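As a plain string of letters, each chain reads:
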Amino acid sequence: MIANLFTVADLAPARLRDALADVLAVPEEAVDVADTDDDQENRNWEARALCTYTRLPPGDLSLALDISTDDNASVPLTEHALARALAAAAATPVLFPSDIDLPSAYWVVTPDGRAVRCRLEAIDTEEAEPSAYRVDATEQPVPHFPLASVGPLPEILDRHPLATPVTDAFTSTRVTGPAASIEGRLHYALRLWERLIRRLEANDWAPSGRYRQDLYRRDLEARDDLARLTPELDRASAEALRAALSSLDAGFRAHTDPDEAAEPGPGDRWWWRRSPAQAPW
């Protein structure tokens, strides 16, 4: 197993070795721990667990860990499981990368076992290497990062996979175009609108169980854009779009309730006067 982790606490090498031996269920002498800036020639490269740490400049994180184990070092562990166990053993929050393809997307595991999505950003420093880091945002409060904003992360919500069969069927018959073109705007707006419908239908607001009001407003504005774009299409495309919207709009109506207190949208369009029965923000 290979894992790339960060720790909040600046753990001494002996403390790090003890914690890893405990986590991986191996003797302490089977764990080799070394600073990346130290001489590497005298390391025990045959150790069942190797940990190379890098001390980071001042920021929210103290150590970057590169950990590798052989097949017999422990019971099988995922990177998440290793981070959780290390956080408990070393009494410090540990960060590990998310499976979402974003350099900033991480999870932080607290010593009590909570796993919280977070946004990790590099801090500009005079030296190129290594970087300092700050935890810019977390989905739930984490006391170790009091300056981080708290709430659902929009980049995670937008990257979460959701099926969009209506959009896929419609766009498969049309050419693509730049984002500012009619084709680009049409594809973008229709996919946003259908993703909102799929979230409403599932009623679980994956992946965090919540949604953001600013993103909900953006999705309604995407429906506005579709209404504006329809007259600009050729007859066949306009008819196909109306058919797609008829299906999606029906889903929106079925999973929202009339809301007289809702903020009126441009042109007082009906979708602005409906809201989810259980507000997810």
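Above this note sits the structure.
Criteria and cut-off values
- Residues numbered from 1 in each chain as written.
- Predicted model: local features only at pLDDT ≥ 70, side-chain atom pairs only at ≥ 80, totals over all residues.
- Heavy atoms only, no water.
- Buried < 20%, exposed > 50% of the residue type's maximum accessible area, 1.4 Å probe, protein only.
- Helix = DSSP H or I, 4+ residues; strand = E, 2+ residues; numbered from the N terminus.
- Pairing = 2+ DSSP bridges.
- Salt bridge = Lys/Arg side-chain N within 4 Å of Asp/Glu carboxyl O.
- Expected span 1.5 Å × (residues − 1).
- Arc of directions from axis to C-beta.
- Contact = heavy atoms within 4.5 Å.
- Axes fitted to C-alpha atoms, helices over the stretch in contact; angles between N-to-C directions.

### So, the pairing of strand β4 (residues 63–69)
Part 1 of the argument: Counting buried residues in β4 gives five out of seven residues, a clear majority hidden from the surface.
Part 2 of the argument: Relative to β4, strand β1 (residues 2–7) runs antiparallel, the two sharing six bridges. Bridging from a neighbouring strand, T7 pairs with L63 of β4.
Part 3 of the argument: Alignment of strand β3 (residues 49–55) against β4, held across seven bridges, turns out to be antiparallel. If you follow C51 over to β4, its bridge partner there is I67.

### Overview of the pattern of salt bridges
Part 1 of the argument: Enumeration according to the criterion identifies 17 salt bridges in this entry.
Part 2 of the argument: As a salt-bridge pair, D32 and R43 come within 2.6 Å of each other at their nearest N and O atoms. Of this pair, D32 sits in strand β2 (residues 31–35) while R43 sits in the loop between β2 and β3, placing them 11 residues apart in sequence.
Part 3 of the argument: With relative accessibility at 12%, the residue D32 sits in the buried group.

### Topic: helix α2 (residues 79–90)
Part 1 of the argument: Between the first and last C-alpha of α2 there are 16 Å, a value that for 12 residues agrees with the 16 Å anticipated at 1.5 Å per step.
Part 2 of the argument: The complete set of buried residues in α2 reads L82, A83, L86, A87 and A90. Summarising the axial view, the buried residues of α2 lie within an arc of 130 degrees, below the 170-degree limit, and thus occupy one face.
Part 3 of the argument: Elements in contact with the buried residues of α2: β1, α1 (13–24), β4, β5 (94–97) and β6 (105–109).
Part 4 of the argument: Following α2 by one or two positions, A91 has its phi on the positive side, about 55 degrees.

### Regarding the sheet that holds β5
Part 1 of the argument: Within the open sheet, the nine strands sit side by side as β2-β3-β4-β1-β5-β6-β7-β8-β9. Their pairing is mixed. Each end of this open sheet is capped by a strand with a single partner; those strands are β2 and β9 (149–150).
Part 2 of the argument: Of the strands in this sheet, β2, β3 and β4 touch α1, which is tilted by about 145 degrees from β2.
Part 3 of the argument: In the packing of α2 onto the sheet, the strands contacted are β1, β4, β5, β6 and β7 (115–123), and the crossing angle to β1 comes to about 40 degrees.

### Some points on α1
Part 1 of the argument: Its 12 residues give α1 an end-to-end C-alpha distance of 16 Å, which sits within 8% of 16 Å, the value for a rise of 1.5 Å per residue.
Part 2 of the argument: For α1, the full list of buried residues reads L16, A19, L20, A21, V23 and L24.
Part 3 of the argument: In this structure, the buried residues of α1 make contact with β2, β3, β4 and α2.
Part 4 of the argument: Positioned one or two residues after α1, A25 has a phi angle of 55 degrees, which is positive.

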